[in-house]
Each structure stands twice: as C-alpha cells, then as structure tokens.
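# Structural features, examined
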Amino acid sequence: MICIVYISSAKLGLTYGEILNIVEDSRINNEKNGLTGLLLFNSGNFMQLVEGAESAVDALYRKIEKDRRHREVKLLLKEPITHRNFSNWTMGFKDIEKLQEMNPEILNSFLTDDLNFSVYQKNPYRALKFLETFKRII
C-alpha cells in the first residue's frame with residue numbers, strides 16, 4: 001500500500017456544486033477501487049491524501065493530472081504505508097473557509113497557509129500533519 005499527498009488549484013470558475021460533485025464521484029469510485037483519503041479545499045486550492053494499493057493510487061493520480069477541473073497538480077509525497085490513516089473514509093471532505101466560519105477558534109498556524117503555499121513543497125510532511133490534524137477535528 002502507498003499514500004500520496006498532492007496539491008492543485010481549481011480551474012477558474014469551478015463552482016461549489018461542482019466541487020461537491022467531485023467529492024461524491026470520488027466516494028463512489030474510491031469505494032470500487034479500495035481507496036481512502038481526505039480532500040481539503042481552501043481559497044480555490046485543493047490538498048488531497050489518497051491511500052490504497054499502489055496501482056489504484058497511481059491510476060487515480062494520473063487521472064487527476066489530466067482532469068480539467070484541476071490546474072498545477074503537484075505531488076508532494078508518495079510513500080509506502082503499513083496501515084491506512086483514513087480507513088473509514090472513501091473520501092473525507094472539508095472546505096476550510098466554511099470550517100473557519102463555523103468554528104473560528106480552531107485556527108492555528110496550519111490554517112493560515114494557503115494550500116498551494118510553498119512551505120508544503122519544501123516540507124511535504126507538514127502537509128501530512130496538516131491532513132492528520134483535520135482527521136482529528138472533523
């Protein structure tokens with residue numbers, strides 16, 4: 001099994017309804033393909049963690065790279081794992097802006113960075129920690 005983390009920007013004009021469609025389609029397809037993970041959205045940017053069999057994860061990532069709803073797809077992390085961290089989620093989803101509106105006290109240093117911020121490219125494990133933080137608060 002492997003885990004990947006990537007960031008991307010949403011295509012210009014992508015609606016919130018289209019984002020929710022991505023999430024619903026992902027849940028159906030991920031269940032069929034034995035994938036689990038979490039998708040975060042903030043200020044027009046995505047960060048996603050996907051875990052599962054290497055062939056299924058790689059196939060999904062290639063599909064995402066070609067998906068016209070994403071721009072500037074950048075792989076931050078790809079590594080073998082011994083167990084799933086998001087085993088109960090075919091695709092968890094959080095819109096960080098909406099979460100901040102509902103619960104402003106959860107703000108911390110992670111939430112002040114945009115999802116495409118260069119800090120994640122320089123330190124991909126910070127992205128992993130960021131995603132694991134959301135697992136605990138969702």
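What you see is a predicted model, and the numbers here were worked out from it, not measured in a lab.

Scoring rules and cut-offs
- Residues numbered from 1 in each chain as written.
- Predicted model: local features only at pLDDT ≥ 70, side-chain atom pairs only at ≥ 80, totals over all residues.
- Heavy atoms only, no water.
- 1 Å grid on protein atoms, 1.4 Å probe; cavity = no way out; pocket = protein on both sides within 12 Å on 5 of 7 lines; lining within 4 Å.
- Points joined across faces, edges and corners; volume = space filled by probe spheres on them.
- Helix = DSSP H or I, 4+ residues; strand = E, 2+ residues; numbered from the N terminus.
- Nonpolar A, V, L, I, M, F, W, Y, C, P; charged D, E, K, R; others polar.
- Expected span 1.5 Å × (residues − 1).
- Buried < 20%, exposed > 50% of the residue type's maximum accessible area, 1.4 Å probe, protein only.
- Arc of directions from axis to C-beta.
- Contact = heavy atoms within 4.5 Å.
- Polar contact = N/O pair within 3.5 Å; in protein donor to acceptor, adjacent residues only side chain to side chain.
- pLDDT = per-residue confidence, 0-100.

## Looking at the layout of surface pockets
In this structure, the largest pocket encloses a volume near 220 Å³. Forming the walls of the largest pocket are 15 residues, and the residues nearest its centre are I22, S26, L60, I64 and R69. Those elements that place two or more of their residues in the lining of the largest pocket are helix 1 (16-33) and helix 2 (54-66). Ranked by residues supplied to the lining of the largest pocket, first place goes to helix 1 with five residues. Here the lining of the largest pocket is composed, by residue class, of six nonpolar, five polar and four charged.

## Some words on helix 1
The end-to-end C-alpha distance of helix 1, which contains 18 residues, comes to 25 Å, matching closely the 26 Å that a straight helix rising 1.5 Å per residue would cover. Listed in full, the buried residues belonging to helix 1 are I19, I22, V23, S26 and N30. With its buried residues spanning 95° around the axis, helix 1 presents them on a single face. Opposite the buried face of helix 1, by more than 90 degrees, sit the exposed residues E31 and K32. Of the surrounding secondary structure, the elements contacted by the buried residues of helix 1 are strand 2 (36-42), strand 3 (45-52), helix 2 and strand 5 (92-95).

## Quick notes on the side chain of H70
Summarising the element assignment, H70 is placed in strand 4 (residues 70-80). Judged by its relative accessible area of 10%, H70 is buried. In this structure the side chain of H70 is engaged in a polar contact, spanning 2.7 Å, whose partner is the side chain of S8.

## Focus on the confidence of the model for the protein
Close inspection of predicted coordinates is inappropriate for parts of the model with low pLDDT. Chain-level pLDDT for the protein is 81 on average; 79% of the residues reach the 70-or-more range. Between residues 106-111, whose pLDDT stays under 50, and residues either more than four places distant or in other chains, the model counts 15 contacts.

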